[in-house]
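Observations on chain architecture
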Number of protein chains: 2
Amino acid sequence: MVVFRVVLVEPEHEGNVGAVARSMGNFAFEDLVLVDPCTIGEEAFKRAKHAGHILERATVVGTVDEAVKGCSLVVGTTGIVTHGPKHYVRIPMSPRDLAARTAEHDGRIALLFGQEGLGLTQDELSRCDLLVHIPSDDAYPVLNLSHAVTIVIYELYLAEGHRTSRVPVSSEEERELLYKFFADLLEAIDYPDFRRENTEIMFRRMMGRAVPTKWEFYTIMGVIGDAAKLIDGRKKLPR
Amino acid sequence: MVVFRVVLVEPEHEGNVGAVARSMGNFAFEDLVLVDPCTIGEEAFKRAKHAGHILERATVVGTVDEAVKGCSLVVGTTGIVTHGPKHYVRIPMSPRDLAARTAEHDGRIALLFGQEGLGLTQDELSRCDLLVHIPSDDAYPVLNLSHAVTIVIYELYLAEGHRTSRVPVSSEEERELLYKFFADLLEAIDYPDFRRENTEIMFRRMMGRAVPTKWEFYTIMGVIGDAAKLIDGRKKLPR
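These lines cover the structure that appears in this document, whether it is placed above or below. Since this is a predicted model, take the numbers as computed values, not measurements.

Our next topic: the packing of helix α7 (residues 145–160) of chain A against helix α7 (residues 145–159) of chain B. Contact pair α7 of chain A / α7 of chain B: the axes reach a minimum separation of 10 Å and the direction vectors enclose 65°. Judged on the interaxial angle alone, α7 of chain B and α7 of chain A are roughly perpendicular. Regarding α7 of chain A and α7 of chain B, the two cross each other, and that crossing is right-handed. Contact residues: α7 of chain A offers Ser146, His147, Thr150, Ile151, Tyr154, Glu155 and Leu158 of chain A, while α7 of chain B offers Ser146, His147, Thr150, Ile151, Tyr154, Glu155 and Leu158 of chain B. Grouping the constituent residues of the contact of α7 of chain A with α7 of chain B by class yields 6 nonpolar, 6 polar and 2 charged.

Here you go:
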């Protein structure tokens with residue numbers, strides 16, 4: 001079964017946090033994690049209405065890494081879409097696509113939402129397996145935080161009804177290992193240094209969008225690992 | 001062409017009215033009508049952010065009849081669905097159905113949202129041509145006013161044909177070339193024959209799901225192609 005975790009990164013307004021909790025109650029989500037949040041007080045509970053228990057049980061952590069621990073997929077949300085094919089970190093899918101693609105997942109998926117007005121930082125976005133953008137008017141694409149959360153979890157809630165077979169997906173450790181193998185392959189083929197980071201992030205993103213199963217991950221890891229080893233073997237041969 | 005009017009009936013909290021205006025800005029809606037509202041002051045404009053012009057131009061009227069004047073269809077929203085055959089006024093459609101059914105409509109459609117916590121009255125609901133209910137958890141089906149408006153107009157916006165950013169994706173020929181390169185890599189690493197077909201299909205599926213851009217395709221093709229060539233080079237070296 002897939003379980004979604006809503007992660008608010010450094011929210012500034014407790015009212016928004018409360019409004020998010022309410023929406024989570026409306027759409028049957030429970031797992032709320034707050035990264036270095038503002039003080040959560042009376043206003044937050046007022047806005048949470050009958051979902052105060054979600055606020056009470058929210059986990060507060062200091063870093064994004066702690067917030068996504070144990071999650072098999074990390075989804076970042078971005079209000080701004082940078083056009084141009086090379087802006088690899090900003091090629092997002094829609095919430096509806098996300099709902100469809102995660103319908104058969106088995107594991108915990110973290111949904112990251114950045115600070116009001118600022119969104120997630122480049123570093124935080126780079127850390128995500130895939131990105132989601134809510135289609136909106138170009139003239140004013142930045143939604144209120146709780147509105148953005150509401151739309152994403154509404155789409156996931158609607159898709160819940162259609163979820164059938166569960167296919168095990170790779171764990172965080174497995175994915176990190178794959179990314180390491182890919183980096184090793186770039187090293188083995190003497191990939192240009194200045195392009196390496198971009199290409200690594202691109203690979204992470206493509207794999208994130210593909211949402212591979214455990215079997216797919218191990219298979220592709222085997223191919224990439226063997227290729228890197230064979231090339232390294234060649235290098236060691238005396239010419 | 002269809003034009004939508006958002007009608008808030010006796011809203012109590014100006015913050016909600018401002019948040020509704022912001023969402024309207026996000027999804028390119030402009031026509032806001034307020035029926036006997038609370039005072040619209042500083043808090044409303046703060047919450048409206050860059051959509052203050054929608055608040056400024058909002059029409060204030062005294063009755064629902066005035067609010068829906070000139071509209072060819074009046075849609076009511078309801079957070080509570082009463083079951084049973086006699087509650088004909090409470091058999092609603094989803095926002096997505098509404099979006100689909102009004103896609104080809106020509107005229108102005110009023111979307112009525114009732115007071116926070118109370119919703120539209122029986123009288124107001126009776127006056128509506130059709131009802132919309134946002135699917136939500138039975139345990140807590142009542143959404144915050146601005147969240148409810150946001151979901152309904154988000155669905156209507158999507159139905160307009162707006163999509164996430166358009167990035168050039170690879171052509172069929174390019175993809176076939178990538179699959180060939182991947183097959184070459186399997187050949188180069190002496191991949192077991194009996195697993196080769198499955199692995200090629202798996203790669204094709206994963207790439208299909210990832211929907212890579214042109215740039216991503218060329219990048220990954222470069223890595224795979226270089227790897228295969230380097231390994232082949234090794235094979236040709238005299239041992």
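Listed per partner, the contact involves 68 residues of chain A and 64 residues of chain B. Taken over both partners, the interface formed by chain A and chain B buries close to 6000 Å², and the fraction arising from carbon and sulfur atoms is 66%. At the boundary of chain A and chain B, one finds 2 salt bridges. With its nearest N and O atoms 2.8 Å apart, the salt bridge here joins Glu155 of chain A to Arg96 of chain B. Linking chain A with chain B are 28 residue pairs in polar contact (both at pLDDT 80 or more). Examining the composition of the side of chain A that touches chain B, we find that 10 residues originate from one element, helix α10 (residues 214–236) of chain A, more than from any other. A per-class count over the side of chain A that touches chain B returns 41 nonpolar, 14 polar and 13 charged.

Here the focus is helix α9 (residues 193–210) of chain A. All names here are of chain A. Along its 18 residues, α9 runs 26 Å from first to last C-alpha, staying within 8% of the 26 Å computed at 1.5 Å per residue. Residues of α9 that are buried: Arg196, Thr199, Ile201, Met202, Phe203, Arg204, Arg205, Met206, Met207, Gly208, Arg209 and Ala210. Where α9 ends, the next residue or the one after it, Val211, has phi of about 45°, a positive value.

This next bit is on the side chain of Arg127 of chain A. Residues and elements named next belong to chain A. Its place among the elements puts Arg127 in the loop between α6 (122–126) and β6 (130–132). Polar contacts involving the side chain of Arg127 include one to the side chain of Asp65, which spans 3.1 Å. Setting aside residues no more than four positions away along its own chain, Arg127 makes contact with Val64, Asp65, Val68, Val74, Glu172, Arg204 and Arg205.

Here we come to the state of the cysteines. Taken as a whole, this structure holds 0 disulfides over all chains when the rule is applied. With no disulfide of its own, Cys71 of chain A has Cys128 of chain A as its nearest cysteine by sulfur position, at a separation of 11 Å.

With that out of the way, let us pick up the pattern of salt bridges. Pairs may arise between side chains of opposite charge once their charged atoms sit close together. Scanning all chains against the criterion turns up 24 salt bridges over all chains. Of the charged contacts, one joins Lys214 of chain A and Glu174 of chain A as a salt bridge, the two residues approaching to 3.1 Å between their closest N and O atoms. One end of the pair, Lys214 of chain A, is in helix α10; the other, Glu174 of chain A, is in helix α8 (residues 172–188), and 40 residues separate them in sequence. Residue classification places Glu174 of chain A among the buried residues on the basis of a relative accessible area of 14%. Each of the salt bridges in this network shares a partner with another, and the network as a whole consists of Arg96 and Glu155 of chain A together with Arg96 and Glu155 of chain B.

A few words on the nonpolar core. Counting residues in each nonpolar core, the largest one holds 82 residues, and the members touching the most others are Leu111 of chain A together with Leu111 of chain B. Of all the elements, α7 of chain B adds the most residues to this core, at 10 residues. The contacts of Leu111 of chain A, once residues within four sequence positions are left out, are Phe4, Arg5, Val6, Val7, Val75, Leu98, Val152, Ile153 and Leu156 of chain A. Grouped together as the second largest cluster of nonpolar side chains are 45 residues, Leu185 and Phe203 of chain A together with Tyr179 and Phe182 of chain B included.

Glancing now at the packing of aromatic side chains. All names here are of chain A. Taken as a whole and judged by the stated rule, the model has 10 aromatic pairs over all chains. Where Tyr179 meets Phe203, the ring centres are 6.3 Å apart and the plane angle is 90°; that geometry is what we call edge-to-face. Within this pair, whereas Tyr179 is found in helix α8, its partner Phe203 is found in helix α9, the two being separated by 24 residues in sequence. Taking relative accessible area as the criterion, Phe203 reaches 3% and is therefore assigned buried. Taken together, the ring pairs connect Phe27, Tyr154 and Tyr157 into an aromatic cluster.

Take α7 of chain A next. Residues and elements named next belong to chain A. Look at α7: 23 Å from first C-alpha to last across 16 residues, which is about the 22 Å you get at 1.5 Å a residue. The element α7 is extensively covered by neighbouring structure, given that 13 of its 16 residues are classed as buried. Structurally, the start of α7 carries an N-cap: the backbone nitrogen of Ser146 is 2.8 Å from a side-chain oxygen of Asn144.

With that settled, consider the side chain of Ser72 of chain A. All names here are of chain A. Relative to the assigned elements, Ser72 resides in the loop between α4 (64–67) and β4 (73–77). Overall, the relative accessible area of 9% leaves Ser72 in the buried class. Excluding its chain neighbours within four sequence positions, the residues that come into contact with Ser72 are Gly107, Arg108, Val169, Ser170 and Arg175.

With that out of the way, let us pick up the packing of helix α1 (residues 14–26) of chain A against α7 of chain A. Residues and elements named next belong to chain A. One way to put it is that α1 packs onto α7 with a least axis distance of 8 Å and a crossing angle of 15°. By the angle class used here, α1 and α7 are roughly parallel. Pair α1 / α7 crosses with right-handed handedness. Here α1 contributes Asn16, Ala19, Val20, Ser23 and Met24 to the contact with α7, which in turn contributes Leu145, Ser146, Val149, Thr150 and Ile153. Grouping the amino acids of the contact of α1 with α7 by side-chain chemistry returns 6 nonpolar, 4 polar and no charged.

Cut-offs used in this document
- Counting from 1, residues in each chain are numbered in the order their sequence is written.
- Numbering of ligands from 1 and lettering of chains from A proceed in the order in which they are written.
- Since the coordinates come from a predicted model, pLDDT governs what is reported: local features require at least 70, and pairs of side-chain atoms require 80 or more to be given and counted, while whole-chain, interface and lining totals use all residues.
- The basis for the side-chain values is all heavy atoms of the structure; hydrogens and waters are excluded.
- To obtain each axis, a line is fitted to C-alpha atoms, and for helices this fit is confined to the stretch in contact; angles are then taken between N-to-C directions over 0 to 180 degrees.
- Working definition: helices are DSSP H or I runs of at least four residues, strands are E runs of at least two. Numbering for both runs from the N terminus.
- When an angle is under 35 degrees it counts as roughly parallel; over 145 it counts as roughly antiparallel; between 65 and 115 it counts as roughly perpendicular; any other value is oblique.
- The sense of a crossing depends on the near helix, which, turned anticlockwise from the far helix by less than a right angle, makes the crossing left-handed and, turned clockwise, makes it right-handed.
- Contacts between residues were defined by any pair of non-hydrogen atoms, one from each residue, lying within 4.5 Å.
- Classes in brief: Ala, Val, Leu, Ile, Met, Phe, Trp, Tyr, Cys and Pro nonpolar; Asp, Glu, Lys and Arg charged; the others, Gly included, polar.
- Throughout, the accessible surface (probe 1.4 Å) given up by two parts as they are put together, summed over both, is called the buried area.
- Each reported salt bridge corresponds to a side-chain nitrogen of Lys or Arg within 4 Å of a carboxyl oxygen of Asp or Glu.
- Pairing of N or O atoms within 3.5 Å defines a polar contact, subject to two protein rules: one partner must be a possible hydrogen donor and the other a possible acceptor, and residues neighboring in sequence count only if both atoms are side-chain atoms.
- What a helix should span is 1.5 Å times the count of its residues minus one.
- Burial classes follow relative accessibility: with a 1.4 Å probe on protein chains only, a residue under 20% of its type's maximum area counts as buried, one over 50% as exposed, and anything between as partly exposed.
- For this text, the term disulfide refers to a pair of cysteine sulfurs within 2.5 Å.
- For this analysis, a nonpolar core means a set of buried residues of the types Ala, Val, Leu, Ile, Met, Phe, Trp, Tyr and Cys, connected via side-chain atoms within 4.5 Å.
- Here a Phe, Tyr or Trp ring, Trp counted by its six-membered ring, pairs with any other such ring whose centre lies within 6.5 Å, and the pair is stacked when the planes are under 30 degrees apart, edge-to-face when over 60, and tilted otherwise.

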